[in-house]
Amino acid sequence: SIFTDLVNLSWLRLTHSDRSVCKMLGSPEVPLLSKKGDITIGGAFSIHSQISQGLLKCYFSQLFRINFSEFRFAQTMIFAIEEINNSSSLLPNISVGYKVFDTCGSTLHSTRAVMGLMNGQDSALGGTCSGQSSVSHFATCACLSNRKEYPSFFRTIPSDYYQSRALAKLVKHFGWTWVGAVRSDNDYGNNGMATFIAAASQEGVCVEYSEAISRTDSDEEVARVVRVIRSGSARVLIAFLAQSEMNILLEEALKQNLVGLQWVGSESWITAGHLANKRYAGILMGALGFTIRKTKIKGLQEFLLKVNPSQDPGNNLLKEFWESTFDCSFQSSLSGQSQCSGSESLRDVNNSFTDVLELRISNNVYKAVYAAAHAMHNLLKCGKNGKSSDHSCFRQAMIKGKPICCFSCIACAAGEISNSSNSAECSRCALEFWSNENHSQCIPKVIEFLSFGETMGALLTAFSLLGASLTLAVSCVFFRFRHTPLVKASNSELSFLLLFSLTLCFLCALTFIGQPTEWSCMLRHTAFGITFALCMSCILAKTIVVVRAFKTTKPTNAQCSAPLQRTSVFSCTLLQVLVCVLWLTIAPPFPYKNTAHATERIILECDLGSPVGFWAVLGYIGLLASLCFVLAFLARKLPDNFNEAKFITFSMLIFCAVWITFIPAYVSSPGKFTVAVEIFAILASTFGLFFCIFAPKCYILLVKPERNTKKLMMERNLSN
């Protein structure tokens, strides 16, 4: 397991001989490898194995034979810690230390190692509470998933709940419905086998027997278990065993020549390298099981090959490792053994310590260290000792079922702040304010409106000015050719008035851009309504003139229609002016700060004041446009070389299409895009009117002047 603590711990040092450790029950545990740091990460590994126990009242343990694989796990932990200490992004300016403990593969020793770490003198984080959490790299017992009993236990290896169920499905897959079972007599084996038996029964697999062994069992008990296996009729054996129990079982299996079984193993021994040899080949050949995922850890091999007693001359574990690896001794008095020089090279050694081809458990150790480091990093970002930090944590969220001093440090919600450390709750900002990036203070919300400076506002302004400029240019062309038959036939007075109204339509779009004020809100809608009413009145008058021109037989009647034209334009426009005045008098538009649409910003827009007034203005324009379209459509086939009704029909089609499309787009567009949609509709419809009505005339005036004759204007095309 990997344990973390936030302070340096004080420990009682004991003497560690080169080949054994004598520990008395209840004495403090001693780390075999250690390094000081601001944060201490503790690791518990079965560096030694083979425990022989005495029956004395004072309990002693003798440890034999260093386990190279477990020693590699410990060095992998140190390697990960050194990587973290050299990192500029993870726990910067904080040193990480370590303490490595030897559990001897014993529950008792593991418990003492954990208690030894937890009983150190520590201080509370942030003045609230303290505690240690474990991150296990190899503890797979499903019982540890119980959050009520083990609330601070985490692991980087899957629970046996999944392995046991997978083993049941594996057995079922091969059609093995009659099996035997043997397990370690501890939580690992008992819980794992219980889950397997339950899952196997659901799959239709029957278990003939289920035996348990412990590494502390007598030889007679182990022999009895092997005899049960031999005498059973099941030819498939499920071995949910830790490596230590597996070693004991195999030795007895060799003595009793236990062969002819199909072994299905748990992850603890199925990939153990020391079992893949000729000694056990007759027993374990064809064994199946699920393995821990393997990977590569960059730089680990070079780190392992640099391990040397010279790194810590006073460390007996490093000396013991060196002596076991090279079969030598640092003590010259021992006979029959060569003298260790310390200059031997691990590059010439091929054992489970230097073998990094299949890093399975080592990868779990590596991830466990980084998990602990990242947890500390995230926790320390919240600040400690009452000091605030630049990160978004300050409030404390209570954890259900835990003391009040235990809490989760979570970020305040958007729009909330906490300007004091260890705050119990966050404060909501005022309506026109929003929280800054780290939720430490309220700042004024960003005010959004369609401005001249932004890209969309600048483009719409450019198109508005372009349209006004083109209209003025056409006005100049018409003035230049005002005495020509084409301009006279087009009713020059109405044409100039229409060009004037189109110029105002283009320019009224500018009133919608910029920060809304009381005057601009009233101006933009009334200017839009009146200018478009004037434009539609002029087109309606021109359409009526075209129709009357073909219905009359006396030229004087057509000439007498000029006062009527002015009256109709004036009266139609005046009606829209009255509607606008009534709107401004009763409920005029006004600037409004919209905070409902977007919580993090204020949308400054013009409230219509009276929606009825707005839709009345828009509806009146639509009525005039509809009349123009109907009359122009009816007059589109009147015989003439230059029938202006056709062009008015096209212009009205575009105008109506734009404004019909505008309504749903206007209602659904958010924020400043509502204004942009309205401006787009104004410009698009105005450009449609301008090009459809005046482009053909300018083409004849400027490109085809030979067609600008009175004869052609008066000549009727009877073929139409």
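Residues numbered from 1 in each chain as written. Predicted model: local features only at pLDDT ≥ 70, side-chain atom pairs only at ≥ 80, totals over all residues. Heavy atoms only, no water.

## What about the UniProt feature "transmembrane region" (unreviewed entry) in the chain?
Those residues carrying the UniProt feature "transmembrane region" (unreviewed entry) are residues 456–481, 493–514, 526–547, 568–592, 612–635, 647–667 and 679–703 in this numbering. The annotated region residues 647–667 carries 100% helix and 0% strand content, and the separation between its end C-alpha atoms amounts to 31 Å. (UniProt positions renumbered as here; feature names shortened; annotations may be inferred. Helix = DSSP H or I, 4+ residues; strand = E, 2+ residues; numbered from the N terminus.)

## Quick look at the sheet that holds strand S22 (residues 446–448)
Pairing in this open sheet of 3 strands is mixed, and the strands run S22-S24-S23 from one edge to the other. Of all strands in the sheet, those with a lone pairing partner are S22 and strand S23 (590–594), marking the two edges. The mean angle between the axes of side-by-side strands here comes to 30°, regardless of whether they run parallel or antiparallel. Across 5 bridges, S23 lies against strand S24 (residues 601–607) in antiparallel orientation. (Pairing = 2+ DSSP bridges. Axes fitted to C-alpha atoms, helices over the stretch in contact; angles between N-to-C directions.)

## Brief notes about the nonpolar core
Residues Met536 and Ile539 are the most contacted members of the largest nonpolar core, which totals 65 residues. Those elements that provide at least two residues to this core are helix H12 (455–480), helix H13 (485–489), helix H14 (492–508), helix H15 (518–551), helix H17 (561–586), helix H18 (611–634), helix H19 (644–668) and helix H20 (672–702). The dominant element in this core, judged by the number of residues it contributes, is H20, at 15 residues. Discounting chain neighbours no more than four positions away, the residues touching Met536 are Ile621, Leu624, Ala625, Cys628, Met652, Phe655 and Leu689. With 48 residues, the next largest nonpolar core counts Met77, Ile78, Leu90 and Leu305 among its residues. (Core = buried A, V, L, I, M, F, W, Y, C linked by side-chain atoms within 4.5 Å. Buried < 20%, exposed > 50% of the residue type's maximum accessible area, 1.4 Å probe, protein only. Contact = heavy atoms within 4.5 Å.)

## A closer look at the pairing of strand S9 (residues 178–184)
In terms of burial, S9 is a largely internal element, 6 of the 7 residues being buried. Where S9 meets strand S10 (residues 206–213), 6 bridges bridge the pair, whose relative direction is parallel. Among the inter-strand pairings, Trp178 is bridged to a residue of S10, identified as Cys206. In this region the chain leaves S9, passes through helix H4 (residues 187–202) and returns to the parallel neighbour S10; the handedness of that crossover is right-handed. (Right-handed = clockwise from strand over helix to strand, strands pointing away.)

## Digging into H14
With 17 residues, H14 ought to run about 24 Å at 1.5 Å a step, and its terminal C-alpha atoms sit 24 Å apart, in line with that. Along H14, the residues classified as buried are Leu494, Ser495, Leu498, Leu499, Ser501, Leu502, Thr503, Cys505, Phe506 and Cys508. (Expected span 1.5 Å × (residues − 1).)

## Some details on the pattern of salt bridges
For the coordinates displayed, the defined rule picks out 13 salt bridges. A salt bridge links Lys35 to Glu82; its shortest N-O distance comes to 3.0 Å. Remark: Glu82 occurs in helix H1 (residues 68–85) and Lys35 occurs in strand S2 (residues 33–35); sequence separation between them is 47 residues. Under the relative-accessibility criterion, Lys35 is labelled partly exposed at 35%. Between Glu416 and Arg428 there is a salt bridge, with its nearest N and O atoms 3.3 Å apart. A residue pair is termed long-range when its members are at least 10 positions apart, and Glu416 in strand S18 (residues 416–417) and Arg428 in strand S19 (residues 427–428) qualify at 12 residues. When salt bridges with common partners are traced through the structure, they connect Glu211, Glu221 and Arg224 into a single cluster. (Salt bridge = Lys/Arg side-chain N within 4 Å of Asp/Glu carboxyl O.)

## Some remarks on unusual backbone geometry
In this model, Leu91 sits at a positive phi of 50°, which is unusual for a non-glycine residue. Mapped onto the fold, Leu91 is located in the loop between H1 and strand S6 (96–102). Although it is not a glycine, Asn93 adopts a positive phi angle of roughly 60°. By secondary structure assignment, the location of Asn93 is in the loop between H1 and S6. Residue class for Asn93 comes out exposed when judged on its relative accessible area of 81%.

## Focus on empty space enclosed by the protein
Where empty space is left can be seen by rolling a probe of water-molecule size over the atoms. Taken as a whole and judged by the stated rule, the model has 1 cavity of 30 Å³ or more. Considered as a void within the structure, the largest cavity measures approximately 40 Å³ in volume. Phe449, Leu450, Phe512, Gly514, Pro516, Arg524, Ile603, Leu604, Glu605, Gly671, Lys672 and Val675 together form the lining of the largest cavity. Looking at the lining of the largest cavity, the elements with two or more residues in it are S24 and H20. Element by element, the count of residues in the lining of the largest cavity is highest for S24, at 3 residues. (1 Å grid on protein atoms, 1.4 Å probe; cavity = no way out; pocket = protein on both sides within 12 Å on 5 of 7 lines; lining within 4 Å. Points joined across faces, edges and corners; volume = space filled by probe spheres on them.)

## Focus on the state of the cysteines
Scanning the entire structure with this criterion turns up 4 disulfides. Shown here is the disulfide that connects Cys429 with Cys442, its sulfur atoms set 2.0 Å apart. Linking Cys429 and Cys442, the disulfide has an S-S dihedral of approximately -90° and is accordingly described as left-handed. Linking Cys429 in the loop between S19 and strand S20 (433–435) with Cys442 in strand S21 (residues 442–444), this pair joins segments that are 13 residues apart in sequence. Accessibility expressed as a relative area gives 9% for Cys429, which makes it buried. Here Cys538 is not cross-linked by a disulfide; its sulfur's nearest cysteine counterpart is in Cys535, at 6.8 Å. (Disulfide = S-S within 2.5 Å.)

## Section: a nonpolar patch on the surface
Taken together, Leu459, Phe463, Leu466, Leu470 and Phe691 make up a surface patch of nonpolar side chains, about 450 Å² in accessible area. The element contributing the most residues to the nonpolar patch is H12, with 4 residues. Note that Phe463 resides in helix H12. Residue classification places Phe463 among the partly exposed residues on the basis of a relative accessible area of 43%. (Patch = residues over 30% accessible without salt bridge, like charges linked within 9 Å, V, L, I, M, F, W, Y side chains within 5 Å. Areas by Shrake-Rupley, 256 points an atom, 1.4 Å probe, with all protein chains shown as cover.)

## Brief notes about the pairing of S24
Taking burial as the measure, the 7 residues of S24 include 5 buried ones, the bulk of the element. Connecting S23 to the next strand, S24, in antiparallel fashion are 6 residues.

## A look at the sheet that holds S9
Two strands in a sheet stick together by hydrogen bonds in their backbones, pointing the same way (parallel) or opposite ways (antiparallel). The strand order across the open sheet built from 5 strands is S10-S9-S11-S12-S13, with neighbouring strands paired in parallel fashion. Of all the strands in the sheet, just S10 and strand S13 (288–289) have a single pairing partner and so form its edges. Relative to S13, strand S12 (residues 262–265) runs parallel, the two being bridged by 2 bridges. The partner of Gly265 across the bridge, within S13, is Gly289. Contacting S9, S10 and strand S11 (236–240), H4 runs over the sheet at an angle of about 160° to S9. Contacts from helix H6 (residues 243–255) reach S9, S10 and S12 within the one sheet, and its direction differs from that of S12 by about 165°.

## With respect to the confidence of the model for the chain
Detail in the predicted coordinates should be disregarded across regions flagged by low pLDDT. For the chain, the average pLDDT comes to 80, and 80% of its residues sit at 70 or higher. Ignoring residues within four places in sequence, the model shows residues 121–132, a span with pLDDT below 50, making 29 contacts including any to other chains. (pLDDT = per-residue confidence, 0-100.)

## Description of the packing of helix H5 (residues 219–231) against H6
As a packed pair, H5 and H6 sit with axes 9 Å apart at the nearest point and diverge in direction by 65°. Here H5 is positioned roughly perpendicular relative to H6, judged by the angle of their axes. Along this stretch, H5 crosses H6, giving a crossing that reads as right-handed. Across the interface between the two elements, Val222, Ala223, Val226 and Ile229 from H5 touch Ile248, Leu249, Glu252 and Ala253 from H6. Residues that form the contact of H5 with H6 fall into these classes: 7 nonpolar, no polar and 1 charged. (Parallel < 35°, antiparallel > 145°, perpendicular 65-115°, else oblique. Left-handed = near helix turned anticlockwise from the far one by under 90°. Nonpolar A, V, L, I, M, F, W, Y, C, P; charged D, E, K, R; others polar.)

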